[in-house]
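Observations on the model geometry
Okay, here's what each chain looks like letter by letter:
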Amino acid sequence: MNTRQEKLEAFGRLLDIMDDLREKCPWDQKQTLQTLRHLTLEETYELSDALLQEDLTEIKKELGDVLLHLVFYAKIGSEKKSFDIADVINSLNEKLIFRHPHIYGDVEVKDEEEVKQNWEKLKLKEGNKSILGGVPKGLPSMVKAYRIQDKVKGIGFEFHDAEDAWKKVDEEINEFHAETDLDKKEQELGDVFFSLINYARISGLNPDSALERTNLKFISRFQKMEQLAAEADLKLADITLEEMDVLWEKAKRFE
């Protein structure tokens, strides 16, 4: 692994390259906070994919892409005379120290839960008007639900255990089945999803990761099924559901 000095030199080189690109590259010169935004989201999702696969080579690559975007935003901030990368890092350092009084102060905590509770209380002291004020509006719905639940847990708004949370799932499923109005049924479906996410979180499971792994598994099986069909000179669109089920079961055996 690299020494601290080598790490600092590498970061300094990145800043120098960013300066060069902004000055000399036509594409980099044209970028703004808004034009970079959707690219940053794309890079974040690519990092998420690599993390799910635990592909360390890809994780290193995607971390570099995300880091480039962070440095790019800071460069634009400095051009606007608003902030630079040092301001970003110093602000982060101060926040971390303030929110970890059990490390940098005299507060004592017994476990992870007390750390999280203190974190949310300290955020309110920083000026947040609501525990949920820091949940980004643009988060995907499942991730947003998980963050909402995790945050209110920090002040004790939580089921006693996973069994109690599952009772809520049962209750919401019954309400969903009982509803006949389509709009209201959709609302009840949302309640079912929210309750399932809550149960998963309390059980120590990440619902977003679980669903994405299922998505990837389905894609892999379906594409294998397409391959098996092609090898048998068949087109999936032309065969029956029962015949597709046979191919599906064959595809599963290749996993």
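Remember, it's a predicted structure, so these values are computed and weren't measured experimentally.

**As for the pattern of salt bridges**
Tallying each qualifying case throughout the model produces twelve salt bridges. Close ionic contact of Arg201 with Glu158 constitutes a salt bridge, the shortest N to O distance being 2.6 Å. Of the two residues, Arg201 is situated in helix 10 (residues 182-202) and Glu158 in the loop between helix 8 (141-153) and helix 9 (162-178); the sequence distance between them amounts to 43 residues. Owing to a relative accessible area of 7%, Arg201 belongs among the buried residues under this scheme. Glu158 sits in the partly exposed class, given a relative accessible area of 27%. Close ionic contact of Glu171 with Lys168 constitutes a salt bridge, the shortest N to O distance being 3.1 Å. Residue Glu171 and its partner Lys168 are located together in helix 9, separated by three residues, close to a single helical turn. The class for Lys168 is partly exposed, based on a relative accessible area of 27%. Through salt bridges with shared partners, one network takes in Lys61, Glu62 and Asp65.

**As for the side chain of Lys151**
Mapped onto the fold, Lys151 is located in helix 8. Since its relative accessible area comes to 2%, Lys151 is described here as buried. Among residues more than four places away in sequence, those in contact with Lys151 are Glu120, Lys123, Ile131, Leu132, Gly134 and Val135.

The rules behind the values
- Residues numbered from 1 in each chain as written.
- Predicted model: local features only at pLDDT ≥ 70, side-chain atom pairs only at ≥ 80, totals over all residues.
- Heavy atoms only, no water.
- Salt bridge = Lys/Arg side-chain N within 4 Å of Asp/Glu carboxyl O.
- Helix = DSSP H or I, 4+ residues; strand = E, 2+ residues; numbered from the N terminus.
- Buried < 20%, exposed > 50% of the residue type's maximum accessible area, 1.4 Å probe, protein only.
- Contact = heavy atoms within 4.5 Å.

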